[in-house]
Amino acid sequence: MSLQARIEQLGRDVDAGTQGGDASTFDDFLDALERGEIRAATRDEGVWRAVAWVKQGILLGFRLGRVAVMSVPAKGDGVRFSFVDKHTYPPRVFALEDGVRIVPGGSTIRRGAYVAKGVVCMPPMFVNVGAYVGAGTMIDSHALIGSCAQIGERVHVSAAAQIGGVLEPVNASPVVIEDDVLIGGNCGVYEGTVVRARA
């Protein structure tokens, strides 16, 4: 059964109150998002369109999740990083081989976000679930990449820029920033806007 069919079935099970079966379906879904195998929007003959089943899967994660303490402990007593969120969307953990540079200072990338090799993250910044960030992009200090936003390659999302997220309605296209774009500091891009390559 395809991942799409499995997510759609899990959604029906949750709606019917009969959730059970394959508990790994949602984890497989997040893994596929993080590998860039599935995306919240795709380009077809030059037109960007939302992928409704992917957005439905992301929304399903909020319904499946329970609020949990996910704080990062400090050495010894205390908490180094304190937060409480849906357990289905913890922060991503990166390894050296991922090729992503995350400068320390309060940045977070949520599970279910694709971040390509060569991306540089300056603190503090945030990338939400369903976002896609292409190779060689810089996300500068205080910048936000919203849920399902699609960011191309070699983009500079300048300091304090906000790239809005669009989860609902599921057929609404998220914000798309194509390749080789400069988003200026303190700029906001929202509501399904498409910024074409080299802008």
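All residue numbers refer to position in the chain's written sequence, counted from 1. Per-residue local features are limited, in this predicted model, to residues with pLDDT of at least 70; the limit for side-chain atom pairs, both in listing and counting, is 80 or more; totals at the level of whole chains, interfaces and linings are taken over all residues. To obtain the side-chain values, all non-hydrogen atoms of the structure were included, while hydrogens and water were left out.

A. Seen up close, the packing of helix α1 (residues 3-16) against helix α2 (residues 25-34). α2 packs onto α1 with a crossing angle of 135 degrees between their chain directions and a minimal axis gap of 10 Å. Comparing their axes, α2 and α1 come out oblique. Crossing angle aside, the handedness with which α1 passes α2 is left-handed. Across from L3, R6, I7 and L10 in α1, the residues of α2 making contact are T25, F26, D28, F29 and A32. Amino acids are sorted into nonpolar (Ala, Val, Leu, Ile, Met, Phe, Trp, Tyr, Cys and Pro), charged (Asp, Glu, Lys and Arg) and polar (every other residue, Gly among them). Of the residues contributing to the contact of α1 with α2, the split by class is 6 nonpolar, 1 polar and 2 charged. Here an angle of 0 to 180 degrees is reported between the N-to-C directions of two axes, which are lines fitted to C-alpha atoms, with helices fitted over the stretch in contact. Segments assigned H or I by DSSP are reported as helices when at least four residues long, segments assigned E as strands when at least two residues long, and all are numbered from the N terminus. Any angle from 65 to 115 degrees is called roughly perpendicular, while one under 35 is roughly parallel, one over 145 is roughly antiparallel, and all others are oblique. What makes a crossing left-handed is the near helix being turned counterclockwise from the far one by less than a right angle; a clockwise turn instead makes it right-handed. By definition in these notes, contact holds between two residues if any of their heavy atoms fall within 4.5 Å.

B. Layout of the pattern of salt bridges. By salt bridge we mean one thing: a side-chain nitrogen of Lys or Arg within 4 Å of a carboxyl oxygen of Asp or Glu. Within this structure, the stated rule accounts for 13 salt bridges. E178 serves as the salt-bridge partner of R196, at 2.7 Å between the closest nitrogen and oxygen. Taken as a pair, R196 in the segment after β21 (194-195) and E178 in the loop between β18 (176-177) and β19 (182-183) lie far apart in primary sequence, 18 residues in all. Exposure is judged per residue with a 1.4 Å probe applied to protein chains only, and the accessible area is read against the type maximum: over 50% gives exposed, under 20% gives buried, and values in between give partly exposed. Accessibility expressed as a relative area gives 40% for R196, which makes it partly exposed. The structure contains a network of salt bridges with shared partners spanning D27, D31, E34, R92 and R111.

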